[in-house]
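# Inside the fold
One letter stands for each residue in the lines below.
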Amino acid sequence: MGRVGGAVMRIAALPFDWVQARFGRPGVIALLVAPNLIVFSVFVVGPILINGYYSLTGGAALFLEERVFVGLEQYRRLLDCRDFADPLTCREDRFWIGLRNLGVFVLAKVVVLTLAALATALVLNRRLRGRGFWRAVYFFPVLLSPVVVGLIWKWILQRDGALNALLVSLGAEPMLWLAEPGWAMAWSVFVSVWAHLGFYALILLAGLQAIPADLHEAAAMDGTRPMRVFFRITLPLLWPSLLVVLVLATIRAVQVFDEVFVLTGGGPGTATTFLVQYIYETGFAAQIRNLGLAAAASMLMAGGLIVLTLAQVLLTTWRDRHGAVR
Amino acid sequence: VSAALTFLTRRRHPGRWHWTDVAAWTWLILGLLLMFGPVLWLGLSSFKTRAALAEFPPSFLPLAQAEMQVTGHAAPLPLFRVRLPDGSETVLAQVRRVGIEARMVDPADPSRTFDVPISERIPVREVRLAWGNYLEPLARFDFLRFFGNSLFVTVVATAITLLINAMAAFALAKYTFRGREAIMLFVVATLMVPLSVILVPLYMVVGGLGLTDSLWGVIWPTVATPTGVFLLRQYMLTIPDEMIEAARMDHASEFRIFWRIILPLSAPALAVLAIFSVMWRWNDFLWPLIVLSRQDTYTLQVGLNAFAGELNVQWHYVLAMTVLTLLPVTLVFGFLQRFITTGIAGTGMK
């Protein structure tokens, strides 16, 4: 092992030592940064810059030089609505339905996820036998791939599935959970929360453990009631971590695709079709691919994400300036 | 709250349960059922035969009808618990069924035959694992190839990620040079750009490089993670400069410093990044789904999704393949659990 490592090092050292001998330390720095910077520029920064121009072009060709410049046509098409309150009056009705669904999903998921993660973190922060085990219980689904998560729940929620069996044994009527728009949305939120809860609970748990213990001990000495301790000490001191959770959960929820796509396929109808699925289908999966339209939709999504991020940053600075604990 | 609460409740009413204890344990038990239950159910279901899966309500364990080899009959015969006309109950093997009558034999004494109305017999069932669910689809669902593709993507992407991110992070942490601040700003600014907003132009770039339908098309866009550079740089900043100066005094080359001092000392941060990279790449779905359209290049996730879509009704195969897909991650988690959860709590990334 040591000999192999030595050999690898000697080979890897060759270009660096040559550059150092020839160009000195600046050469080494350039060589260190270059690979990451090149890959990063080609596959991240380049596409970010191209995206804007791409959304101004039309036609079926993939490469920019073969595409026709159409100006704001794609945006006009996306925003072409007779009545913005009703997605069905829009030319790209699937885009607007996706947006409306996304609004419902993000709101529901962020609220449920934050509350559930908070409850979990509070419970895990107790003096608990086998805390490592319990932490692992909640964290386990985080590791599962979205495809696996989607399939597991599809299996449980299907007509002859475990949930309906449970309901029937309790004397209730079985349901077609994923065939009814309202329930399909509710289960999409639930499954998404199920899959990510452990991650956010861990962030909050770290926040709770950073709260000095003597504050709680002092409150206990004074015989303060638990609810009062929670609202007057724990919550204000946990606020920074909660904000991180809110920011991350919102930004991730806006990008929802994988697990819901596998669970419901966006259905029934378009009841659980969200923005990323619209982009995916418009650009890559439709009979007639429209890459320009997909690019325009993703520009609008990027704009939304920037606004969200800025709002959160402003919120944080505003809160810092006005003090956390009152 | 909780530490204070246990303190409180213990002092005031020893042995008594406060309502917060009840609430906490309810949440824990509920969590145990909800978090492990579905995966356990998946595992049990994956061993059921197709017939057993079609049953409603389903049985908890994978049961199948018991069979027995009876002398005088070539194939094993299914066993039934039968109520005989005299009221006694016994276990008989069914030879054949004619209408509502079944011709049955006593397995202990094959010469005794009985004609039993089918309403008077119940199948004898035993736990039997349907390994066929795992073995049969391997011909159609090219599990080994998909697994190999996923393994290749995960291992190669993680190795490249670690190497080039560590190199860049080292330069950004331990040298002062023109443009360093600009690069850092760049890195931080793109931390928040998700792949899902650059799908179209990225597809064009990957297509232009001829990497569609290639695993490298999945690997390259993911390896220059700003998150990784940021995490490693923050960690390397804590390594004292004196160590580097001392090494330079001894005429160590810059590369030797990187390889022999910086990398070993950054091992904890590298390990965290490695775990995340493995998790990310193994579970990636949307980007491989777009880039890979030829079946022989599918990763496990794309292959499984396609398989589930094709064979919508063949749950017995889909479930078994789902179990195989989640098994590697579960095993890794089993071994590295403590490490993973503390790593995430420490860095706040996923």
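Described below are features of the structure shown in this document. (Residues numbered from 1 in each chain as written. Chains lettered and ligands numbered in written order. Predicted model: local features only at pLDDT ≥ 70, side-chain atom pairs only at ≥ 80, totals over all residues. Heavy atoms only, no water.)

### With respect to the pairing of strand β5 (residues 101-106) of chain B
Residues and elements named next belong to chain B.
- Sheet topology note: the strand β4 (residues 89-98)/β5 ladder contains five bridges and is antiparallel. Considered in β5, the bridge of Q94 is made with M104.
- Taken together, β4 and the strand that follows it, β5, pair antiparallel across an intervening segment of two residues, in which G99 is found at a positive phi of about 60°.
- Note that β5 and strand β6 (residues 109-117) share six bridges and pair antiparallel. Pairing of V105 across the sheet is with T113, part of β6.
- The hairpin turn running from β5 into β6, its antiparallel successor, is two residues long. (Pairing = 2+ DSSP bridges. Helix = DSSP H or I, 4+ residues; strand = E, 2+ residues; numbered from the N terminus.)

### Points about the packing of aromatic side chains
- With the rule as written, the count across this model stands at 35 aromatic pairs over all chains.
- Centroid distance W18(A) to F23(A): 6.3 Å. Interplanar angle 80°. Geometry classified as edge-to-face.
- W18(A) gets classed as exposed once you look at its relative accessible area, which sits at 52%.
- Through pairs of rings, three or more aromatic residues link up here, namely F16(A), F170(B), Y175(B), F255(B), F258(B) and W259(B).
- In this arrangement the basic side chain of R121(B) is found over the ring face of F80(B), its NZ or CZ atom lying 4.1 Å from the centre. (Phe/Tyr/Trp six-rings, centres within 6.5 Å; stacked < 30°, edge-to-face > 60°. Buried < 20%, exposed > 50% of the residue type's maximum accessible area, 1.4 Å probe, protein only. Lys NZ or Arg CZ within 6 Å of the ring centre and 35° of its normal.)

### With respect to the nonpolar core
- Judged by nonpolar contacts, the single largest core of 190 residues is most densely connected at L144(A), I152(A), W153(A) and M236(B).
- For this core, the element with the most residues is helix α8 (residues 181-209) of chain A, which contributes 16 residues.
- Those residues in contact with I152(A) that lie beyond four places of it in its chain are L144(A), P38(B), V39(B), L42(B) and L326(B). (Core = buried A, V, L, I, M, F, W, Y, C linked by side-chain atoms within 4.5 Å. Contact = heavy atoms within 4.5 Å.)

### Side note on helix α5 (residues 131-143) of chain A
Residues and elements named next belong to chain A.
- Counted at 1.5 Å a residue, the expected span for α5 with its 13 residues is 18 Å, and the 19 Å between its end C-alpha atoms agrees.
- Along α5, the sharpest change in direction is near 35° and occurs at V137; proline P141 comes one to four residues later.
- Listing the buried residues of α5 in full gives G132, W134, R135, A136, V137, Y138, F139, F140, P141, V142 and L143. (Expected span 1.5 Å × (residues − 1). Bend = angle between axes of the 7 residues up to and from the residue.)

### A short note on the environment of D106(B)
Residue and element names in this part refer to chain B.
- You can see D106 is positioned in strand β5.
- Spatially, the C-alpha atoms of D106 and V91 are 7.4 Å apart, while their sequence positions differ by 15 residues.
- Each residue touching D106, except ones within four places of it in the same chain, is listed here: L92, R112 and F114.

### What to know about the interface of chain A and chain B
- The partner chain B presents 105 residues to the 108 residues of chain A that form the contact.
- In this assembly, chain A packs against chain B so that about 9,700 Å² is buried in total across both faces, 78% of it on carbon and sulfur atoms.
- Taken as a group, F43(A), R126(A) and W155(A) account for 9% of the area that chain A buries against chain B, more than any other trio of residues on that side.
- At the boundary of chain A and chain B, one finds two salt bridges.
- Among the salt bridges present, the one from R126(A) reaches D21(B), with a minimum N-O distance of 2.4 Å.
- Inspection of the region where chain A meets chain B yields 13 residue pairs in polar contact (both at pLDDT 80 or more).
- Considering every element that reaches the side of chain A that touches chain B, the biggest residue donor is helix α2 (residues 25-54) of chain A, with 20 residues. (Buried area = accessible area lost by both parts, 1.4 Å probe. Salt bridge = Lys/Arg side-chain N within 4 Å of Asp/Glu carboxyl O. Polar contact = N/O pair within 3.5 Å; in protein donor to acceptor, adjacent residues only side chain to side chain.)

### Focus on the pattern of salt bridges
All names here are of chain A.
- In this structure the tally under the stated criterion is 13 salt bridges over all chains.
- Here R77 and E92 are joined by a salt bridge, their closest N and O atoms 2.9 Å apart. Pair noted here: R77 is in helix α3 (residues 73-78) and E92 is in the loop between α3 and α4 (93-124), with a separation of 15 residues, a long-range link.
- Classification of R77 as partly exposed rests on a relative accessible area of 23%.
- Accessibility expressed as a relative area gives 10% for E92, which makes it buried.

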